[in-house]
Amino acid sequence: MKVLLTGGAGYIGSHIAVELYSAGHTAVIADNFVNSSPEAVARIEQITGRRIPLYEIDVCDKTALSELFEKERPDAVVHLAGLKAVGESVAKPLLYYRNNIDSTLSLLEVMAEYGCEKLIFSSSATVYGAPKTLPITEEAEAGGCTNPYGWTKYMIERIIEGAAAANPKLSAVLLRYFNPVGAHSSGLIGERPNGIPNNLMPYICKVAGGELAQLSVFGNDYNTHDGTGVRDYIHVVDLAKGHVAALGYCSDHTGTEIFNLGTGTGYSVLDMVKAFERANGVPVAYRITPRRPGDIDACYADPAKAEKLLGWKAELNLDDMCRDSWNWQKNSSDGKKA
Ligand code: WQD
């Protein structure tokens, strides 16, 4: 199938593009490069050996999006385009609601106009808020979001559910990502946060690489085995493969289905620091600091539904995540922008 990746030049999207080609599909990328660069698309082409149609557009721009659909006629869409910085969303809520929801509404309208009836949405475990029970299943209560970014993901899920309920031909899969980390083994594509990283693994990489002095461990008084926050880290390549599996599911189903994409194992901040040091033989200096506002004690998935219905399960382990993250850091720290 020909799959449109909105936000396809980004961290997750670039890895999905690679896995789509590996599975015999083709990709078209629409991206406005607000959080990515055209260099990433060149790297995807280098890995896949294929030329990838690239459209530098804002998905909110219906005219530009319609021109893309007129020319490319995609069979399916993976919708990743959206602003995703939790802290920024608290400071600029209207920007997040306008951008993330408008882009989705434009996409759904253009998909309907062109009869494109398979949609995979990049959602997030953040829609669960602070989970009442662990591990988290797809039946767990969602909507306890703690920031506007999370609310946009939750609202977009509801919008897509409504669109699929009104159009019996539309097949939608909502993928709730846990914590994506790592990079393609080539070291050619990976996470490139703007400025100082908010997320743990990119921050660890920059400390190990000497770009930042030390990691601040945000609190060691959580209700976890060592007091530091526990999360379900999943290798971005496993996450990307989950999208290929979801594409197959879309072909055999209509309506909306929700899946958690996680490993089912939670690791603490200090677990991650030690695993990174062990996997790469490099020290990671850290200090314990107060909690980051809005953080929760622990969050990890019950991935059974995806295994049962998608035939997908995460296969890469913590060493793979740490080693591939470090490889990307070393390959990208010498100014190569991707
Ligand atoms: C992980 C753990 C921190 C940085 C966020 C978004 C979520 C998703 C993934 C988009 C926590 C601790 C972190 C640091 C630290 N993004 N930490 N020092 O907050 O679980 O999830 O990213 O979908 O929506 O909310 O990820 O990597 O920021 O934090 O101690 O410098 O590492 O307290 O326990 P988080 P994270």
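Q: Explain the overall build of the protein to me, please; I cannot follow it from the model alone.
A: Tallying secondary structure elements over the protein gives 11 helices and 14 strands in all. In summary, the protein has a C-alpha radius of gyration of 19 Å against a globular reference of 20 Å for 338 residues, a match within 12%. Along the three orthogonal principal directions, the C-alpha set of the protein runs to about 55 × 45 × 40 Å. Counting the 338 residues in the protein, one finds 53% classified as buried. Taken as a whole, the protein presents about 14000 Å² of accessible surface, with 50% of it coming from carbon and sulfur.

Q: How should the nonpolar core be read in this particular structure?
A: Core analysis: the largest hydrophobic core is formed by 40 residues, its most contacted members being Leu-5, Ile-12, Ile-16, Leu-20, Ile-120, Val-173 and Leu-175. With nine residues, the single largest contributor to this core is helix H8 (residues 236-252). The contact partners of Ile-16, leaving out residues within four places of it in the chain, are Leu-5, Val-78, Leu-80, Ala-240 and His-243.

Q: How should I be thinking about the site of the ligand in this particular structure?
A: What surrounds the ligand is a group of 18 residues, the closest being Tyr-149, Leu-200, Ser-216, Arg-231 and Asp-295. The backbone of Leu-200 places a nitrogen or oxygen atom 2.8 Å from an oxygen atom of the ligand. When the free accessible area of the ligand is taken as 690 Å², the share hidden by the protein chains comes to 88%. Tallying contributions element by element places strand S8 (residues 215-218) first for the shell around the ligand, with four residues. Partitioned by chemical class, the residues of the shell around the ligand number eight nonpolar, seven polar and three charged.

Q: Even after reading the chapter, I still don't get the sheet that holds strand S3 (residues 54-55), so can you show me in this structure?
A: Within a beta sheet, neighbouring strands are joined by backbone hydrogen bonds and run either parallel or antiparallel to one another. The strand order across the open sheet formed by seven strands is S3-S2-S1-S4-S5-S6-S11, and the pairing between neighbours is parallel. A single partner strand is all that each edge strand has here, and the edge strands are S3 and strand S11 (255-261). Of the strand pairs in this sheet, strand S1 (residues 2-6) and strand S4 (residues 76-79) are connected by four bridges, and their pairing is parallel. Bridge pairing links Thr-6 to His-79 in S4. Docked against the sheet, helix H1 (residues 11-22) engages S1, strand S2 (26-30), S4 and strand S6 (171-177), running at close to 170° with respect to S1. On top of the sheet, H8 reaches S1, S4, strand S5 (118-124), S6 and S11; it is set at about 160° to S6, its chief contact.

Q: Is there a simple way to explain the packing of aromatic side chains in this structure?
A: Two descriptors summarise a pair of aromatic rings, namely the distance from one centre to the other and the angle between the planes of the rings. For the structure on display, the rule yields four aromatic pairs. For the pair Tyr-249 and Phe-259, a centre-to-centre distance of 5.4 Å together with 85° between the ring planes defines the contact as edge-to-face. In this pair, Tyr-249 is assigned in helix H8 and Phe-259 in strand S11, connecting sequence segments 10 residues apart. Side by side, Tyr-249 and Phe-259 carry an identical accessibility label, which is buried. Both rings, one in Phe-276 and one in Trp-326, keep their centres 5.8 Å apart while their planes meet at 80°; by these two values the pair is edge-to-face. Residue Phe-276 is found in helix H9 (residues 269-280), and its partner Trp-326 is found in helix H11 (residues 318-332); the two are separated by 50 residues along the sequence. Take Trp-326: its relative accessible area is 11%, and that puts it in the buried class. Residue placement shows Arg-158 over the ring face of Tyr-154; its charged tip is 4.6 Å from the ring centre. Positioned above the aromatic ring of Tyr-222, the side-chain terminus of Arg-291 is 4.0 Å from the ring centre.

Q: Looking at this structure, I do not really get the environment of Tyr-203. What am I missing?
A: Assignment of secondary structure puts Tyr-203 in helix H7 (residues 200-208). Sequence-wise, Tyr-203 and Gly-264 are 61 residues apart; in three dimensions their C-alpha atoms are separated by 23 Å. Ignoring any residue separated from it by four or fewer positions in sequence, one finds Tyr-203 in contact with Ile-196, Pro-197, Leu-212, Gln-214 and Leu-215.

Q: Would you mind showing me how to read unusual backbone geometry here?
A: With the exception of glycine, most residues fall at negative phi, and the peptide bonds are largely trans. Of the consecutive residues Leu-134 and Pro-135, the connecting peptide bond is found in the cis state with omega at -5°. Within the secondary structure, Pro-135 is located in the loop between S5 and helix H6 (148-166). The residue Phe-33 is not glycine, and still its phi comes out positive at about 60°. Tracing the sequence through the fold places Phe-33 in the loop between S2 and helix H2 (38-48). Positioned with a positive phi, Arg-73 is a non-glycine residue whose angle comes to about 50°. Looking at where Arg-73 falls in the secondary structure, it is placed in the loop between helix H3 (62-72) and S4. With relative accessibility at 45%, the residue Arg-73 sits in the partly exposed group.

The rules behind the values
- Residues numbered from 1 in each chain as written.
- Predicted model: local features only at pLDDT ≥ 70, side-chain atom pairs only at ≥ 80, totals over all residues.
- Heavy atoms only, no water.
- Helix = DSSP H or I, 4+ residues; strand = E, 2+ residues; numbered from the N terminus.
- Rg over C-alpha atoms; globule rule 2.2 N^0.38 Å.
- Buried < 20%, exposed > 50% of the residue type's maximum accessible area, 1.4 Å probe, protein only.
- Areas by Shrake-Rupley, 256 points an atom, 1.4 Å probe, with all protein chains shown as cover.
- Core = buried A, V, L, I, M, F, W, Y, C linked by side-chain atoms within 4.5 Å.
- Contact = heavy atoms within 4.5 Å.
- Near = heavy atom within 4 Å.
- Polar contact = N/O pair within 3.5 Å; in protein donor to acceptor, adjacent residues only side chain to side chain.
- Nonpolar A, V, L, I, M, F, W, Y, C, P; charged D, E, K, R; others polar.
- Pairing = 2+ DSSP bridges.
- Axes fitted to C-alpha atoms, helices over the stretch in contact; angles between N-to-C directions.
- Phe/Tyr/Trp six-rings, centres within 6.5 Å; stacked < 30°, edge-to-face > 60°.
- Lys NZ or Arg CZ within 6 Å of the ring centre and 35° of its normal.

So, to be careful, I would describe these as geometric facts and stop short of saying anything about function.
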